[in-house]
Amino acid sequence: MQEQSVFSQYLPILIQGVVAVGFVLFAVIASALLGPKRKTKHKLETFESGLEAVGNARMPFSIKYFLTAILFVLFDVEVIFMYPWAVNFKELGMQGFVSMLVFLGVFLMGFFYIVKKGALNWE
């Protein structure tokens, strides 16, 4: 009986996932089958942010671009951990609050470290 109630708690999430994937598949397949298929020279050209492609695509980028992207993903994932904590704030009590303060302390130490190192400066 316990296992059935756990499954029933996750059933809405499963249904939502199936509906989302089904909608995406339906939209992609319908677009491929029903959309116009007119290939012209202009449509087959490369397009990048509204600008004409100029130069070599293998041109090296500054490491700052990649470093900023990695730091964004890192801190974004850390912020995601705050949502379940906020939802269960009352249930976690003082121990949960102190744990989140420790988490935020480590989070801010990392943030101040990257600021001090100049990882976010675009000079």
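Position labels on residues start from 1 in each chain and follow its written sequence. Under the rules for a predicted model, residues below a pLDDT of 70 receive no local features and side-chain atom pairs below 80 are neither given nor counted, while totals for whole chains, interfaces and linings still include all residues. With hydrogens and water stripped out, all remaining heavy atoms of the structure feed into the side-chain values.

> Could you give me a rundown of the overall build of the protein, with the residues and numbers involved?
Only DSSP runs of H or I with at least four residues qualify as helices, and only runs of E with at least two residues qualify as strands; both kinds are numbered from the N terminus onward. A count of helical and extended segments in the protein gives four helices and zero strands. Order of helices (α) and strands (β) in the protein, N terminus to C terminus: α-α-α-α. Values of the radius of gyration come from C-alpha atoms, whereas the globule rule sets the reference at 2.2 Å times the count of residues to the power 0.38. The C-alpha atoms of the protein give a radius of gyration of 24 Å, which is well past the 14 Å a tight globule of 123 residues would have. Taking the principal axes of the C-alpha coordinates as reference, the protein spans close to 65 × 55 × 20 Å. Every one of the 123 residues in the protein was classed for burial, and the buried ones make up 7%. With residues, only the protein chains shown are counted as cover, and all accessible areas are computed by Shrake-Rupley using a 1.4 Å probe. As displayed, the protein has an accessible area near 11600 Å², and 71% of this comes from carbon and sulfur atoms. Neither His nor the chain ends is counted toward charge; the positive residues are Lys and Arg and the negative residues Asp and Glu. To locate a charge, take NZ of a lysine, CZ of an arginine, CG of an aspartate or CD of a glutamate. Placing the 10 positive and 8 negative side-chain charges of the protein at their respective mean positions leaves the two points 10 Å apart. Type-normalised accessible area, obtained with a 1.4 Å probe on protein chains alone, sets the label of each residue: buried when under 20%, exposed when over 50%, and partly exposed for intermediate values.

> A description of a nonpolar patch on the surface should follow, citing residues and the corresponding values.
Only residues whose relative accessible area exceeds 30% and that take part in no salt bridge are eligible for patches, with like-charged residues grouped when within 9 Å of each other and nonpolar side chains (Val, Leu, Ile, Met, Phe, Trp, Tyr) grouped when within 5 Å. A side-chain nitrogen of Lys or Arg and a carboxyl oxygen of Asp or Glu constitute a salt bridge if their distance falls within 4 Å. A cluster of nonpolar side chains, Phe 72, Val 73, Val 77, Val 79, Ile 80, Phe 81 and Tyr 83, forms an exposed patch at the surface whose accessible area comes to about 710 Å². Counting residues per element, the nonpolar patch draws most heavily on helix 2 (residues 63–80), which supplies five residues. Looking at where Tyr 83 falls in the secondary structure, it is placed in helix 3 (residues 82–87). Of the residues examined, Tyr 83 reaches a relative accessible area of 56% and is grouped as exposed.

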